[in-house]
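Descriptive analysis of the structure
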Amino acid sequence: MSTVSLKNIKKVYDNSVTAVHDFNLEIADKEFIVLVGPSGCGKSTTLRMVAGLEDISGGELHIDGKLVNDVEPKDRDIAMVFQSYALYPHMTVRENMEFPLKLRKVPKEEIDRRVNQAAEILGITQYLERKPKALSGGQRQRVAIGRAIVREPKVLLMDEPLSNLDAKLRNQMRAEIIKLRQRINTTFVYVTHDQTEAMTLGDRIVIMKDGFVQQIGTPQEVFDHPCNLFVAGFIGTPQMNFFDARLVKDGSSYVAEIQGARMELPADVEKKLAANGVGTCDITLGVRPEHILFESQSGSHTLTGTVEVSEMMGSEFHLHATCGGQDVVLRIPTTDLPAEHRSGVAYGTQVHFTFRPEYIHLFNKETEANLV
């Protein structure tokens, strides 16, 4: 079993700056957890507290049910992969991977078995006698991961391990980490600022901002049901569009009014709004670019925008339009466009669009919380 429990974890530095506030998370055995958020949100600090590289100012950290607040890093049965690889340049790949096992006085036969097995899993067997300087960035990162997994740790911590790689290598290494996860029985805690990495790797995602946990959920949950405006804007590419709107309650039904258009809401959303006691009020309405529908003509439920930029992405267009003085991004499949626009939408073209009702998000203007 490799469970990790963080209860009311807090980190306060000497200058009274609080980097992490009241962090609570229960990580199951063999679960892959991703901490994600913008720079300075406290995700790496949280990871370093789990590793024992930062003192815990408050709260309790348990690994496998054992309180480890004051346990030395070497005695926590964890391994960590850093952003910078941190390989010894004068050692070969094999020697780098053997090093943590030699420190623990593991028998030579067992060291060879573990190193060869890890090298095979990571596809670096042919590089075992090379020095790190003779390897590419992706190969060095594989070695750093190999050096961590030969220890067979209860928990494998990874701090932005792919951020030094180019886009193509990052995609390859993401796939490698997913394969690795299937082959080794350990619990992963992974830190990144890249929400694509978070969505593709994590069983659950922990979204952080300014030291506070904003939402914990599966990738699908945080994408479909963001709990507040920050999560809604942070998860998803391109970013969710936000509009100033007014929610109007008429009897038991609700309508969202935006720039003169009236957007009907699904019955289940109306029920939740009523159950939460929401009345007529000003709101922030959010809709993802892929949930905007192109309309051939204007109507009571449509908005009209002027195209500023048209990006051809192959199967779809990303249209950047100005609507009521604000920028709106639309992801429109090529097949949904009128024939005259399939080769491109010219600058200055007026477009009419509406929103898929079931994918409209409604946020409190003041608290920024999701109203449903």
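The rules behind each value
- Residues numbered from 1 in each chain as written.
- Predicted model: local features only at pLDDT ≥ 70, side-chain atom pairs only at ≥ 80, totals over all residues.
- Heavy atoms only, no water.
- Pairing = 2+ DSSP bridges.
- Helix = DSSP H or I, 4+ residues; strand = E, 2+ residues; numbered from the N terminus.
- Core = buried A, V, L, I, M, F, W, Y, C linked by side-chain atoms within 4.5 Å.
- Buried < 20%, exposed > 50% of the residue type's maximum accessible area, 1.4 Å probe, protein only.
- Contact = heavy atoms within 4.5 Å.
- 1 Å grid on protein atoms, 1.4 Å probe; cavity = no way out; pocket = protein on both sides within 12 Å on 5 of 7 lines; lining within 4 Å.
- Points joined across faces, edges and corners; volume = space filled by probe spheres on them.
- Nonpolar A, V, L, I, M, F, W, Y, C, P; charged D, E, K, R; others polar.
- Salt bridge = Lys/Arg side-chain N within 4 Å of Asp/Glu carboxyl O.

A word on the pairing of strand β18 (residues 326-333). Pairing geometry for strand β17 (residues 316-323) and β18, over 8 bridges, is antiparallel. The partner of leucine 319 across the bridge, within β18, is leucine 330. Following β17, the chain reverses through 2 residues before pairing antiparallel with β18; glycine 324 in that reversal takes a positive phi of roughly 60 degrees.

Of all hydrophobic cores here, the largest spans 47 residues; its most connected members are Met97, Ile145, Leu156 and Ile207. With 6 residues, helix α3 (residues 108-122) is the single largest residue contributor to this core. Apart from residues no more than four positions distant in its own chain, isoleucine 207 is found in contact with Val36, Phe212, Val213, Gln214, Gln215, Val222, Phe230, Val231, Phe234 and Ile235. Core analysis: the second largest hydrophobic core is formed by 34 residues, Leu247, Val269, Leu285 and Val328 among them.

One number sums up the size of the largest pocket: a volume of about 560 Å³. As for the largest pocket, its lining consists of 18 residues, of which Ala79, Met80, Pro100, Arg147 and Arg151 are closest to the centre. Of all the secondary-structure elements, those providing two or more residues to the lining of the largest pocket are β6 (78-81), α2 (93-103) and α4 (137-149). Here the residues of the lining of the largest pocket are counted per class, giving 14 nonpolar, no polar and 4 charged. Along the wall of the second largest pocket there are 14 residues; nearest its centre are Asp224, His225, Val269, Glu358 and Val372. No other element matches helix α9 (residues 267-275), which puts 3 residues into the lining of the second largest pocket. Of the residues in the lining of the second largest pocket, the class split is 7 nonpolar, 3 polar and 4 charged.

The final tally for this structure, using the stated rule, is 21 salt bridges. For glutamate 129, the salt bridge identified is with arginine 94, shortest N-O distance 3.1 Å. Highlighted residues: glutamate 129 in the loop between α3 and α4 and arginine 94 in helix α2, separated in sequence by 35 residues. Sharing partners across several salt bridges, the network here consists of Glu110, Arg113, Arg114 and Glu152.

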